[in-house]
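Results of the structural survey
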Amino acid sequence: MSSFRAFLNSPVGPKTTHFWGPVANWGFVIAGLVDMNKPPEMISGNMTAAMCVYSGLFMRFAWMVQPRNYLLLACHVSNETVQLYQLSRWARAQGYLSEKKEEASSK
């Protein structure tokens, strides 16, 4: 019980925004995972790129803020991974990544 009380009252516990912000941000990760089943034509390249930049910036913030916010860092690492995958799907659908395959197969 004392370890739960210590977590509850910690600087990154559920009484602070250092906890609820990352919990809410997991929605981005879940949405990205759900979108993996959708066709790549529905992906917005601009929005996905913006999400990549957003998560990249907040990964640094989560690492630099004191106390270090590992929950926020894990959330944004996960989101960056999902969004980069979505961006690669979009780029393939737009034909940006297929040229290298064509060049390699013709050689």
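To be clear, the structure that these remarks concern was listed above.
In this numbering scheme, every chain counts its residues from 1 along its sequence in written order. Where totals are concerned, whole chains, interfaces and linings use all residues; where local detail is concerned, this predicted model gives features only for residues with pLDDT of at least 70, and gives and counts side-chain atom pairs only at 80 or more. Heavy atoms throughout the structure, all of them, feed into the side-chain values; hydrogens and water do not.

**Overview of the layout of surface pockets**
A pocket here means an open set of points on a 1 Å grid, computed over the protein atoms alone, that has protein on both sides within 12 Å along at least five of seven lines. A cavity is instead a set of points where a 1.4 Å probe fits but cannot get out; residues with an atom within 4 Å of a point line either one. Grid points are joined across faces, edges and corners, and a volume is the space filled by probe spheres set on the points. Space inside the largest pocket adds up to approximately 250 Å³. If one sorts the elements of the lining of the largest pocket by residue count, helix α2 (residues 17-35) sits on top with 4 residues. Here the lining of the largest pocket is built from residues that sort into 7 nonpolar, 5 polar and 2 charged. Secondary structure counts use DSSP, requiring at least four H or I residues in a row for a helix and at least two E residues in a row for a strand, with both numbered from the N terminus. In this count, Pro and Cys sit with the nonpolar residues alongside Ala, Val, Leu, Ile, Met, Phe, Trp and Tyr, while Asp, Glu, Lys and Arg are called charged and the others, Gly among them, polar.

**Re a nonpolar patch on the surface**
Together, V53, L57, F58 and F61 line one region of the surface with nonpolar side chains, adding up to about 380 Å² of accessible area. With respect to the helices and strands, the residue F58 is situated in helix α3 (residues 45-64). Residue burial is assigned from relative accessible area. The probe radius is 1.4 Å, only protein chains are included, and a residue is buried under 20% of its type maximum, exposed over 50%, and partly exposed in between. With a relative accessible area of 32%, F58 lands in the partly exposed category. Think of a patch as exposed residues, more than 30% relative accessible area, with no salt bridge, where like charges cluster within 9 Å and nonpolar side chains (Val, Leu, Ile, Met, Phe, Trp, Tyr) cluster within 5 Å. Per-residue and other accessible areas were derived by the Shrake-Rupley procedure at a 1.4 Å probe size, with only the shown protein chains allowed to occlude residues. A carboxyl oxygen of Asp or Glu within 4 Å of a side-chain nitrogen of Lys or Arg is what we treat as a salt bridge.

**Looking at the pattern of salt bridges**
For the structure shown, the criterion picks out 1 salt bridge. Between K38 and D35 there is a salt bridge; the shortest N-O distance is 3.2 Å.

These results come straight from atomic positions and should not be treated as a statement about function.
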